[in-house]
Amino acid sequence: MKTIYHFIITGIIFMHAIINTEAQVKVAAGQVKSHELEVLNQLTSPSAVVNMPVSQLLNAPGNEALRAFFFTPVANKTALKGKKIAVLAADGFEEIELSGPVWYFRELGANVEIVAPKFNPAPERYGLSMPEMAKTHIMAIQYLQPVGWIKFDRTADQIKVSDYDAIFIPGGAWNPDNLRFDKDVIRFIQDFNKSGKLIAAICHAPVVLASADILKGKKLTGYWNIQVDLRNAGGTVLEQPVVVDGNLVTSRHPIDVADFSRAVENWLIKH
């Protein structure tokens, strides 16, 4: 029944996207001259809806351990009771790399808050149109495909080191770029590192730590195409699902979410 329901919902979303796209094309056609429309057609690529449900990742061959991590009931619901964790994220975060650890830490009793950069709309000349919810939500992606939005709790200019026991940063190709450009985020990470509290980052997220200049002499890992950046920032990159060095926990990829989450759990319990 759940599978049928999923396909029905997916179909509705797909049709809604097609209808919206067609409507946009018709409006555009009515607003421009034939020559302008011909040029616009040359500048515009066809739109398509890609369906990448989380269930597909969990059911993929080789991901049996990842599936078991999520579908095996958490035994100790109070393992992280009293711990407060901040998730630093912006538009373009990899969905499972945020939603997975957040779900797990909350199952363990932790208080988890999602913290985003203060809303900063792009200049008007960029020609971007963002939904109103972008002021209170951040956009999730799955391998470069936008898939949804989640509401954040606070903005980076509103938080203090003393508010949290740990921070973690999900990956996603766009999210780290948005974070590393934000002065409040970088300053907070630097101050948090000085406190010796846990900083965790997965996939592309370690480049934010490179921008914060806290990787010199550290062992870590990250997504394959950013590893050269981590080395250039003074880190020693290891090809492992998770690396723990002092107050730093890092992982490489969405398939490492289980190892990453457990490493954060173990660190917080020991410290």
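Preceding this section is the structure that the text describes.
Summary of the structure given here. From a predicted model like this one, the values you see are computed outputs, not experimental measurements.

Comments concerning the pattern of salt bridges
Here is step 1: Evaluated as defined, the whole model comprises 11 salt bridges.
Here is step 2: In this structure, the salt-bridge partner of Asp163 is Arg154, at a minimum N-O distance of 3.5 Å.
Here is step 3: On the accessibility criterion, Asp163 (19% relative accessible area) is buried.
Here is step 4: The shortest N-O distance in the salt bridge between Arg252 and Glu239 comes to 2.9 Å. Linking Arg252 in the loop between strand 12 (248–251) and helix 10 (257–270) with Glu239 in the loop between strand 10 (236–237) and strand 11 (242–245), this pair joins segments that are 13 residues apart in sequence.
Here is step 5: Its relative accessible area of 43% is what places Glu239 among the partly exposed residues.
Here is step 6: Three or more residues are tied together by salt bridges with common partners; here these are Lys84, Glu113, Arg154, Lys160 and Asp163.

Notes on unusual backbone geometry
Here is step 1: Despite not being glycine, Tyr143 shows a phi value in the positive range, around 50 degrees.
Here is step 2: Among the secondary structure elements, Tyr143 is positioned in the loop between strand 4 (137–142) and strand 5 (145–151).
Here is step 3: Despite not being glycine, Cys203 has its phi angle at roughly 65 degrees, a positive value.
Here is step 4: Overall, the relative accessible area of 4% leaves Cys203 in the buried class.

Comments concerning the packing of aromatic side chains
Here is step 1: Tallied over the full model, the rule gives 11 aromatic pairs.
Here is step 2: A ring pair is formed by Tyr104 and Phe105, whose centres lie 6.2 Å apart and whose planes are at 55 degrees; its orientation type is tilted. Like Tyr104, the residue Phe105 is buried in the burial classification.
Here is step 3: Centroid distance Tyr164 to Phe188: 6.5 Å. Interplanar angle 90 degrees. Geometry classified as edge-to-face. Placement of the pair is Tyr164 in the loop between strand 6 (154–155) and strand 7 (166–169) and Phe188 in helix 7 (residues 183–195), with a sequence separation of 24 residues. Each member of the pair Tyr164 and Phe188 is classed as buried.
Here is step 4: Through a chain of ring-to-ring contacts, three or more aromatic side chains come together here, namely Phe69, Phe70, Trp103, Tyr104, Phe105, Phe168 and Phe260.

Analysis parameters
- Residues numbered from 1 in each chain as written.
- Predicted model: local features only at pLDDT ≥ 70, side-chain atom pairs only at ≥ 80, totals over all residues.
- Heavy atoms only, no water.
- Salt bridge = Lys/Arg side-chain N within 4 Å of Asp/Glu carboxyl O.
- Buried < 20%, exposed > 50% of the residue type's maximum accessible area, 1.4 Å probe, protein only.
- Helix = DSSP H or I, 4+ residues; strand = E, 2+ residues; numbered from the N terminus.
- Phe/Tyr/Trp six-rings, centres within 6.5 Å; stacked < 30°, edge-to-face > 60°.

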